[in-house]
Amino acid sequence: MSTKTKPMPHVPDVENASMEDRLYTVTYREAEESHLGIEDTDVCSTTCTTYECTSVCPASVWKNDREDGVPSIAFENCLECGSCRFACPYDNVEWEYPETGAGVSFRYG
Ligand code: SF4
Ligand code: SF4
């Protein structure tokens, strides 16, 4: 019987890497237009009090930093994980994939 074992694929060593270190391994091609948006900004400014879009985003794309209560969206940094779309309790997030060729690319070691 053969004792040969299959070679393991290379697994990048990301143990203890900070989120900033991990984000450093992704690259972006900037789109001209945002693939993210808000259906009804009044819902953000007058109804929503919890701002899940800001808390679930791993890349801090959504920020509650405006006086009118409508979150700002730094779409260029989006990792396309889709979390904001599902986290919004008012189904108020417009979400599409970026235009062809734009958006994020991941490097796995
Ligand atoms: S969670 Fe939804 S409704 Fe609330 S601020 Fe974000 S996009 Fe607006
Ligand atoms: S898709 Fe993910 S990374 Fe992009 S804005 Fe939404 S939560 Fe943030």
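Regarding the overall build of the protein
Okay, step 1: A count of helical and extended segments in the protein gives 4 helices and 6 strands.
Okay, step 2: Helices and strands appear in the protein in the N-to-C order α-β-β-α-α-β-β-α-β-β.
Okay, step 3: Looking at the 109 residues of the protein, the share that counts as buried comes to 28%.
Okay, step 4: Within the protein, residue pairs in contact and separated by at least 24 positions form 70% of the contacts whose partners lie at least 6 positions apart.
Okay, step 5: Entry remark: accessible area of the protein is about 8,300 Å², with carbon and sulfur atoms responsible for 48%.

Re the nonpolar core
Okay, step 1: The biggest cluster of nonpolar side chains holds 20 residues, and the ones touching the most others in it are L36, V61, W62, C84 and V93.
Okay, step 2: The residues touching V61, leaving out its near neighbours within four places in the chain, are L36, S72, I73, A74, F75, N77 and C78.

Concerning the site of ligand 1
Okay, step 1: Near ligand 1 the following residues occur: C44, C48, Y51, E52, C53, P71, C88, P89, Y90, N92 and V93.
Okay, step 2: In terms of residue class, the shell around ligand 1 is made up of 9 nonpolar, 1 polar and 1 charged.

Let's talk about the side chain of H35
Okay, step 1: Considering the arrangement of structural elements, one finds H35 in the loop between strand 1 (26–29) and strand 2 (36–38).
Okay, step 2: When its relative accessible area of 8% is taken as the criterion, H35 is described as buried.
Okay, step 3: In contact with H35, other than residues within four places in its own chain, are F75, C78, E80, E94, W95, E96, Y97 and P98.

Some remarks on the site of ligand 2
Okay, step 1: Residues in contact with ligand 2 amount to 13 residues; listed here are only the nearest, C57, C78, C81, G82 and C84.
Okay, step 2: By residue class, the composition of the shell around ligand 2 is 10 nonpolar, 2 polar and 1 charged.

Rules used throughout
Residues numbered from 1 in each chain as written. Chains lettered and ligands numbered in written order. Predicted model: local features only at pLDDT ≥ 70, side-chain atom pairs only at ≥ 80, totals over all residues. Heavy atoms only, no water. Helix = DSSP H or I, 4+ residues; strand = E, 2+ residues; numbered from the N terminus. Buried < 20%, exposed > 50% of the residue type's maximum accessible area, 1.4 Å probe, protein only. Contact = heavy atoms within 4.5 Å. Areas by Shrake-Rupley, 256 points an atom, 1.4 Å probe, with all protein chains shown as cover. Core = buried A, V, L, I, M, F, W, Y, C linked by side-chain atoms within 4.5 Å. Near = heavy atom within 4 Å. Nonpolar A, V, L, I, M, F, W, Y, C, P; charged D, E, K, R; others polar.

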